[in-house]
Amino acid sequence: MHAKVDIEIRYLFDAPPPPGGTLALLEGITWVRVPLPFVLDHVNCWLLDDGDKANGVTVIDTGADKTKTRELWEQIFEVTLAGRKVNRLLCTHGHPDHVGLAGWMVDKLGIELHMTLAEWLAPQIWIEEGKRPMSAATRGFFRSHGLTDAAIDKMDQSRETAPFRNHPLPTSFIRMRDEEMVSFGGRRWKVLVNGGHADEHASFYCKDDGILIAGDQILSRISPVVGVFPSQPRAEPLSDYLFSLKRLRKLPADTIVLPSHGLPFRGLHTRIDQLEAHHDGRLIALWTLMDEPSDGIALAHGLFPKAMAAQGQTVMALAETLAHAEHLVAKKRAKRHVGNDGRVTYMRW
Ligand SMILES: [Zn+2]
């Protein structure tokens, strides 16, 4: 038996650097606060000193592909780094706020990109999909979960302004794999590849200094999106996500966590407790809503009334609802039924 060591969540700094600003966070690690033009208004990127100052830096994550973000990075290269070279770019995963400028940075600096395979592929598929009309399979997915044809048409038209508009990714990359040991930023790191939020999301753990560069796998204040999307209509990502939390709980309780959104903190196990409780709460709320056969959209209205009333948040709210509904099905707490018309409904056992 291990005595449970709970460490309260303590932020390393009470406030982030200003938008576009940098802050020396830990020895050899600089925090870059990159603004985002989304509801989520920032992403944390990291500059790691590769040994002494003559040896340049490693960059982790880029922000979205926006003119202002490019200007910010240009300023960082010229002023913050004062000409020190960038040795490599690592991206935790393929979401546009992390990888949006990877291709641009690699071309501009002549460096290599290090990523996991699935995360390098995914944004390229999204770029290709975005060039074509919405597929019949995608339309069928939304229709099966209760969206009207008019709502689907509207969604199709608004894809032109969707955030998945990355600069093209580099055509080659260095693949990172789970449990691999890598050296960068003057430290040795174990690559921890986990699912749930993205299929092959990479976090980096330095045992010697007790630092976890968590990416989006663990965030300080919000819960990472765990959703079922049209590309994998029968996925059950919540089990993957909860498994990743169990895995990360094996790291020491006093690990310093550097999340991609929010503030760096200590108190990993307490944060994992909170994230697990958050999903438990959602599962109970959803199970309660399933007293009669209900489709995904109806359940999303019950679970996320604010998001469903807001503009442009239907897909995310539906995706999160389905992730929890499919988890209840997997745990035999709910039944999934497909009608003759293809409509999918869920009802609790
Ligand atoms: Zn993400």
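Quick note: structure is the one above.
Please read these numbers as outputs of a predicted model, since none were measured by experiment.

Chemist: Help me out: how do you make sense of the overall build of the protein in this one?
Modeler: Along the backbone of the protein there are 11 helices and 16 strands. Its C-alpha radius of gyration of 21 Å places the protein within 12% of the 20 Å reference for a compact globule of 349 residues. Dimensions along the principal axes, computed over C-alpha positions, put the protein at roughly 65 × 55 × 35 Å. Relative to its full complement of 349 residues, the protein shows a buried share of 51%. Contacts in the protein between residues at least 24 apart in sequence constitute 64% of all its contacts with a sequence separation of at least 6. Summed over all atoms, the accessible surface of the protein reaches about 16,600 Å², with 54% contributed by carbon and sulfur. The distance from the centre of the 41 positive side-chain charges to the centre of the 43 negative ones in the protein is 3 Å.

Chemist: Whenever I open this one, the coordination of the zinc ion confuses me. Can you help?
Modeler: In ideal tetrahedral geometry, four donors around a metal make angles of 109.5 degrees, whereas ideal octahedral geometry with six donors gives angles of 90 or 180 degrees. Looking at the zinc ion, one finds its protein donor set to be His93 (NE2), His95 (ND1), His197 (NE2) and Asp216 (OD), positioned 2.1 to 2.2 Å from the metal centre. Its 4 donor atoms give the zinc ion angles of 91 to 171° at the centre, a pattern that matches the irregular case. If you list the donors of the zinc ion from N- to C-terminus, the spacing comes out as H-x1-H-x101-H-x18-D. Highlighted residues: histidine 95 in the loop between β6 (86-90) and α2 (96-99) and histidine 197 in the loop between β10 (187-194) and β11 (201-206), separated in sequence by 102 residues. Classification of histidine 95 as buried rests on a relative accessible area of 17%. Assessed through its relative accessible area of 13%, histidine 197 is described here as buried.

Chemist: Would you take a moment to explain the packing of aromatic side chains for this structure?
Modeler: Between two aromatic rings, the relevant description is the distance of the centres plus the angle of the planes. Scanning the model with the defined rule gives 6 aromatic pairs in all. On the numbers, 6.2 Å between centres and 35° between planes, the contact of tryptophan 31 with tryptophan 46 is tilted. Highlighted residues: tryptophan 31 in strand β3 (residues 29-35) and tryptophan 46 in strand β4 (residues 42-49), separated in sequence by 15 residues. Assessed through its relative accessible area of 1%, tryptophan 46 is described here as buried. Note on phenylalanine 184 and phenylalanine 204: the rings are 5.5 Å apart at their centroids and 85° apart in plane angle, and the pair reads as edge-to-face. Separated by 20 residues along the polypeptide, phenylalanine 184 in strand β9 (residues 181-184) and phenylalanine 204 in strand β11 bring together distant segments of the chain. In terms of burial, phenylalanine 184 and phenylalanine 204 fall into one category: buried. Cluster of aromatic residues (ring-pair linked, three or more members): Phe184, Trp189 and Phe204. Directly above the ring of tyrosine 11 sits arginine 221, whose terminal nitrogen or CZ lies 4.6 Å from the centroid. Taking the ring centre of tryptophan 287 as reference, the NZ or CZ of arginine 348 above it sits at 4.7 Å.

Chemist: Would you explain the pattern of salt bridges in this entry?
Modeler: Close approach of charged atoms lets side chains of opposite charge pair. Tallying each qualifying case throughout the model produces 18 salt bridges. Ionic pairing is found between arginine 84 and aspartate 49, a salt bridge with its closest N-O pair at 3.3 Å. Of the two residues, arginine 84 is situated in the loop between α1 (67-80) and β6 and aspartate 49 in strand β4; the sequence distance between them amounts to 35 residues. Taking relative accessible area as the criterion, aspartate 49 reaches 19% and is therefore assigned buried. Here arginine 139 makes a salt bridge to aspartate 153, at a shortest N to O gap of 2.9 Å.

Chemist: So what exactly am I meant to see when it comes to the pairing of β3 here?
Modeler: Consecutive side chains along a regular strand alternate between the two faces of the sheet. Of all 7 residues in β3, 6 are buried, a share of seventy percent or more. Counted between consecutive antiparallel strands, the loop separating strand β2 (residues 22-26) from β3 contains 2 residues, among which glycine 28 sits at a positive phi close to 80°. The pairing of β3 with β4 spans 7 bridges and is antiparallel. Within β4, the residue paired with threonine 30 across the bridge is leucine 47. Counting the residues between successive antiparallel strands, the hairpin from β3 to β4 contains 6 residues.

Chemist: Which parts of the structure should I look at to understand the sheet that holds β10?
Modeler: Two modes of strand pairing occur in sheets, parallel and antiparallel, and in both the strands are linked by backbone hydrogen bonds. The 7 strands lie next to each other as β1-β14-β13-β12-β11-β10-β9, forming an open sheet whose pairing is mixed. In this open sheet, the two edge strands, each paired with only one partner strand, are β1 (10-11) and β9. Pairing of strand β12 (residues 211-215) with strand β13 (residues 256-259), which is carried by 4 bridges, proceeds in the parallel orientation. In the sheet register, isoleucine 211 faces β13, and the bridge partner there is isoleucine 256. Strand contacts of helix α7 (residues 237-248): β10 and β12, with the helix running at about 150° to β10, the strand carrying the most contacts.

Chemist: Would you mind showing me how to read the environment of phenylalanine 38 here?
Modeler: Within the fold, phenylalanine 38 resides in the loop between β3 and β4. For the pair formed by phenylalanine 38 and alanine 118, sequence separation is 80 residues and the distance between their alpha carbons is 24 Å.

Chemist: Can you walk me through the packing of α7 against helix α8 (residues 268-289) in this structure?
Modeler: Geometry of a packed helix pair, given as the angle between the helix axes and the separation of the axes. At a closest axis distance of 10 Å, the pairing of α7 and α8 adopts a crossing angle of 160°. When the axes of α7 and α8 are compared, the pair comes out roughly antiparallel. Judged by the twist between their axes, the crossing of α7 over α8 is left-handed. Side by side, α7 and α8 meet where Leu238, Tyr241, Leu242, Leu245 and Leu248 of the first sit next to Leu268, Ile272, Leu275, Glu276, His279 and Leu283 of the second.

Conventions we followed
Throughout this document, residue positions are counted from 1 along each chain, in the order its sequence is written. For a predicted model such as this one, the threshold for reporting local features is a pLDDT of at least 70, and the threshold for listing and counting side-chain atom pairs is 80 or more; totals across whole chains, interfaces and linings nevertheless cover every residue. Processing note: side-chain calculations cover all non-hydrogen atoms of the structure and skip hydrogens and water entirely. Numbering of helices and strands runs from the N terminus, with a helix taken as a DSSP run of H or I at least four residues long and a strand as a DSSP run of E at least two residues long. Throughout, radius of gyration means the C-alpha value; the globule benchmark is 2.2 Å times the number of residues raised to the power 0.38. Note on exposure labels: buried denotes an accessible area under 20% of the residue type's maximum, exposed denotes more than 50%, and partly exposed covers the range between, all computed with a 1.4 Å probe on protein chains only. Contacts: residue pairs with any heavy atoms within 4.5 Å of one another. Shrake-Rupley sampling with a 1.4 Å probe provides the accessible areas, and residues are treated as covered by the protein chains on show and by no other component. A positive count includes Lys and Arg, and a negative count includes Asp and Glu. His and the chain ends are not counted in either. A charge is said to be at NZ when it belongs to Lys, at CZ for Arg, at CG for Asp and at CD for Glu. We call an atom a donor if it is N, O or S and sits within 2.8 Å of the metal, or 3.2 Å for Na, K and Ca. Water is not counted, so some sites may look partial. Note on geometry labels: four donors, all angles 85 to 135 degrees, give tetrahedral; four donors become square planar and six octahedral when opposite donors are over 155 degrees apart and every other angle is between 65 and 115; remaining cases are irregular. Each aromatic pair joins two rings of Phe, Tyr and Trp (for Trp, the six-membered one) with centres within 6.5 Å, and gets the label stacked for planes under 30 degrees apart, edge-to-face for over 60, and tilted for any other angle. The rule is short: NZ of Lys or CZ of Arg within 6 Å of the ring centre and within 35 degrees of the ring normal puts a charge over the ring. Think of a salt bridge as a Lys or Arg side-chain nitrogen and an Asp or Glu carboxyl oxygen that are within 4 Å of each other. Between any two strands, pairing holds if DSSP finds at least two bridges. Between N-to-C directions, angles span 0 to 180 degrees; the directions come from axes that are lines fitted to C-alpha atoms, helices contributing only their stretch in contact. For classification, angles of less than 35 degrees are called roughly parallel, those exceeding 145 degrees roughly antiparallel, those between 65 and 115 degrees roughly perpendicular, and all remaining angles oblique. By definition, turning the near helix anticlockwise from the far helix through less than a right angle yields a left-handed crossing, and turning it clockwise yields a right-handed one.

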